[in-house]
Amino acid sequence: MKLQSALLLFVFLFSTMTINAKTQSADWCERQWSIESSSVADLPHPDYELFLKRWLNYADRCSGTVIYESRLVTIYILLNMTDKAREILKPYANSTSAYKSIVEFSLLQADATDVINSKLDLDSVQKLEERYLQFVKKYPDFPDGFAVLGGLQTTLEKHVEAIKVLEVGLRSSMDISGVYRNLTISYTEVGRYNEAMHAADQAYGLKKSLTSDPYFMYAAAKASAGVGNLHTAEVTLRLIAAKKPEVIQDPEFKKAVDFVNSKRK
């Protein structure tokens, strides 16, 4: 399902935050997170159970930094254990303003995951978009919120709006491969092919496994054709068809093929 494929790429974000409490310990814990998360970031089928076990090993040193808890919540969301994520966040629900944005963001991520796993349809995605719009208005200096909102807008084919929002999302210090992925699609759909090619290069540099994402590959092929590189466009479409033969029946794949052919003519 197109919505399912697109949403999975941006809902699970490794969000970041700045805290004042236990700064030295928190900094160390954040470095460990970078090491541990980088080992799973580019895997097509990450072992999140193993990831959880490894992160729990840092509890003795990192528990109470809030950085640790926010990262733990991310893993539970990745495992679709949203109730467990909410339970961890309970002690911070009425926390100081320094923590409030990350707590609200994580709760919103948990809700989004529940939507994906249950009633994923156009109406539910539009409702999620409205909630993220309210979030970024409340926390305009929190770029992770813009990254997710922009991904929703790409999914909803609101490409002009998505581009503006995603460009803000690039300021996030999380894994922004999904932001570049969505920019590739939205730039392509509004005819900004050179910028789409740049975004595609950045996305691929951060996450090689995107070559297995049909919608990213369709956009990359169309962008290549848009700048006159028909050979690359054809190779890109052949690659995704070889990796996932079922895409040949996908109307979006056929649209990409027709687009490339139209540029040839």
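See the structure above.
Everything in this summary refers to the structure shown in the same document. These numbers were taken from a predicted model, which means no experiment stands behind them.

### Some thoughts on the packing of aromatic side chains
Item 1. Applying the stated rule across the entire model yields twelve aromatic pairs.
Item 2. When the ring of Trp33 is compared with that of Phe51, the centres are 5.3 Å apart and the planes differ by 35°; the resulting orientation is tilted. Of this pair, Trp33 sits in helix α2 (residues 23-41) while Phe51 sits in helix α3 (residues 48-56), and the two are 18 residues apart along the sequence.
Item 3. Residue classification places Phe51 among the buried residues on the basis of a relative accessible area of 2%.
Item 4. Ring geometry for Phe135 versus Phe142: centroids 5.5 Å apart, planes at 80°, classification edge-to-face.
Item 5. An aromatic cluster of at least three residues, connected via ring pairs, comprises Trp28, Trp33, Phe51, Trp55, Tyr58 and Tyr68.
Item 6. Above the plane of the ring of Tyr204 lies Lys208, whose end atom (NZ or CZ) is 5.1 Å from the centre.
Item 7. Above the ring of Phe259, the side-chain terminus of Lys222 is found at 5.8 Å from the ring centroid.

### Structural notes on the pattern of salt bridges
Item 1. One pass over the full model with this rule turns up 15 salt bridges.
Item 2. A salt bridge links Glu195 to Arg192; its shortest N-O distance comes to 2.7 Å.
Item 3. The network of salt bridges with shared partners includes Asp83, Arg86, Asp111, Asp114 and Arg131.

### Quick word on the environment of Ser106
Item 1. Within the secondary structure layout, Ser106 lies in helix α7 (residues 97-116).
Item 2. Leave out the neighbours within four places in its chain, and Ser106 touches Val73, Ile77 and Leu89.

### Considerations on the packing of helix α11 (residues 177-189) against helix α12 (residues 193-206)
Item 1. Where α11 meets α12, the closest approach of the two axes is 8 Å, and the angle between their N-to-C directions is 155°. The angle between α11 and α12 places the two elements in the roughly antiparallel class. As α11 packs across α12, the resulting crossing turns out to be left-handed. Facing α11, whose interface residues are Ser177, Tyr180, Arg181, Leu183, Thr184, Tyr187 and Thr188, α12 presents Tyr193, Glu195, Ala196, Ala199, Ala200, Gln202, Ala203 and Leu206.
Item 2. Partitioned by chemical class, the residues of the contact of α11 with α12 number nine nonpolar, four polar and two charged.

Analysis parameters
- Residues numbered from 1 in each chain as written.
- Predicted model: local features only at pLDDT ≥ 70, side-chain atom pairs only at ≥ 80, totals over all residues.
- Heavy atoms only, no water.
- Phe/Tyr/Trp six-rings, centres within 6.5 Å; stacked < 30°, edge-to-face > 60°.
- Helix = DSSP H or I, 4+ residues; strand = E, 2+ residues; numbered from the N terminus.
- Buried < 20%, exposed > 50% of the residue type's maximum accessible area, 1.4 Å probe, protein only.
- Lys NZ or Arg CZ within 6 Å of the ring centre and 35° of its normal.
- Salt bridge = Lys/Arg side-chain N within 4 Å of Asp/Glu carboxyl O.
- Contact = heavy atoms within 4.5 Å.
- Axes fitted to C-alpha atoms, helices over the stretch in contact; angles between N-to-C directions.
- Parallel < 35°, antiparallel > 145°, perpendicular 65-115°, else oblique.
- Left-handed = near helix turned anticlockwise from the far one by under 90°.
- Nonpolar A, V, L, I, M, F, W, Y, C, P; charged D, E, K, R; others polar.

As far as function goes, none of this settles anything; it's purely spatial.
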